[in-house]
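# Summary of the model geometry
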Amino acid sequence: MKGKVLLVLAIAAGAIFLGSSTAAATAPTGGFKATLLVKGAMANPVSIEGLGIHFETEGPTDVITQVVDFPAKSGSGWHAHPGLVIVRVKSGTIVFHFGCRAETFVAGQSFTEPPLEAGLAENVSDAPAQSYATLVVPAGRAARIDTPAPICDGPNGGDGGDR
């Protein structure tokens, strides 16, 4: 019975998600390019805690590291990831849209992208920018999911929540 209830809830959530927006996914722009540096696998679940850091997986995962190039005036297109992403800005300035809220990050700063949250990375400047991204995703899953842009209310695009 519990399995049937979960299946019905999953189908309903999917129908709501798919029917909630008719906007199409947005493609990368301006020569944005993510290049794979290395991909590895953790075959077993991991649980590590120490010095205020907790990292845990429930099953096999892929660990992917990319260098991400942002020519002037380029962007990633709206997307999400099925796992955690840790980004370090190597050079330039990147504006990251966490749903309806944007933050600016400069060389030397890092940020995270939560799993399954729509995001957009942009270089709005006239100079190139570059970052490194490390993704931890369930084994065998595509690392990127193209998504439509969120619908944001208000003059600043809505609050998008706290981070």
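Residues numbered from 1 in each chain as written. Predicted model: local features only at pLDDT ≥ 70, side-chain atom pairs only at ≥ 80, totals over all residues. Heavy atoms only, no water.

## What about the pattern of salt bridges?
- A full pass over the atoms with the stated rule returns four salt bridges.
- The partner of Lys39 in a salt bridge is Asp62, with the nearest N and O atoms 3.9 Å apart. Of this pair, Lys39 sits in strand β1 (residues 33–42) while Asp62 sits in strand β4 (residues 61–70), placing them 23 residues apart in sequence.
- Residue Asp62 is classed as buried on the basis of its relative accessible area, which comes to 9%.
- As a salt-bridge pair, Lys73 and Asp126 come within 3.5 Å of each other at their nearest N and O atoms. (Salt bridge = Lys/Arg side-chain N within 4 Å of Asp/Glu carboxyl O. Helix = DSSP H or I, 4+ residues; strand = E, 2+ residues; numbered from the N terminus. Buried < 20%, exposed > 50% of the residue type's maximum accessible area, 1.4 Å probe, protein only.)

## Details of the pairing of strand β10 (residues 110–113)
- Burial along β10 is one-sided: the face carrying Phe111 and Glu113 is buried and the face carrying Ser110 and Thr112 is not.
- In terms of strand pairing, strand β7 (residues 84–91) meets β10 through four bridges, oriented antiparallel. In the strand pairing of β10, Arg88 is matched with Ser110. (Pairing = 2+ DSSP bridges.)

## A look at the confidence of the model for the protein chain
- Predicted confidence across the protein chain gives a mean pLDDT of 85, with 80% of residues reaching 70 or more.
- Below a pLDDT of 50 lies the segment residues 1–22, which in the model reaches two contacts outside its immediate sequence neighbourhood of four places, other chains included.
- Per-residue pLDDT stays below 50 along residues 158–163; that stretch engages in 14 contacts with residues further than four places along the chain or on separate chains. (pLDDT = per-residue confidence, 0-100. Contact = heavy atoms within 4.5 Å.)

## Some remarks on the sheet that holds β10
- Ordered by their spatial adjacency, five strands build an open sheet running β1-β4-β12-β7-β10, and the pairing between neighbours is antiparallel. This sheet does not close on itself; its edge strands, each paired only once, are β1 and β10. Adjacent strand axes in the sheet meet at a mean angle of 20 degrees when their direction is disregarded.
- Here ten bridges tie β4 to strand β12 (residues 129–138), and the two strands are oriented antiparallel to one another. Bridging from a neighbouring strand, Thr65 pairs with Thr134 of β12. (Axes fitted to C-alpha atoms, helices over the stretch in contact; angles between N-to-C directions.)

## Let's talk about a nonpolar patch on the surface
- A cluster of nonpolar side chains, Leu37, Val38 and Tyr132, forms an exposed patch at the surface whose accessible area comes to about 260 Å².
- Position of Leu37 among the secondary structure elements: in strand β1. (Patch = residues over 30% accessible without salt bridge, like charges linked within 9 Å, V, L, I, M, F, W, Y side chains within 5 Å. Areas by Shrake-Rupley, 256 points an atom, 1.4 Å probe, with all protein chains shown as cover.)

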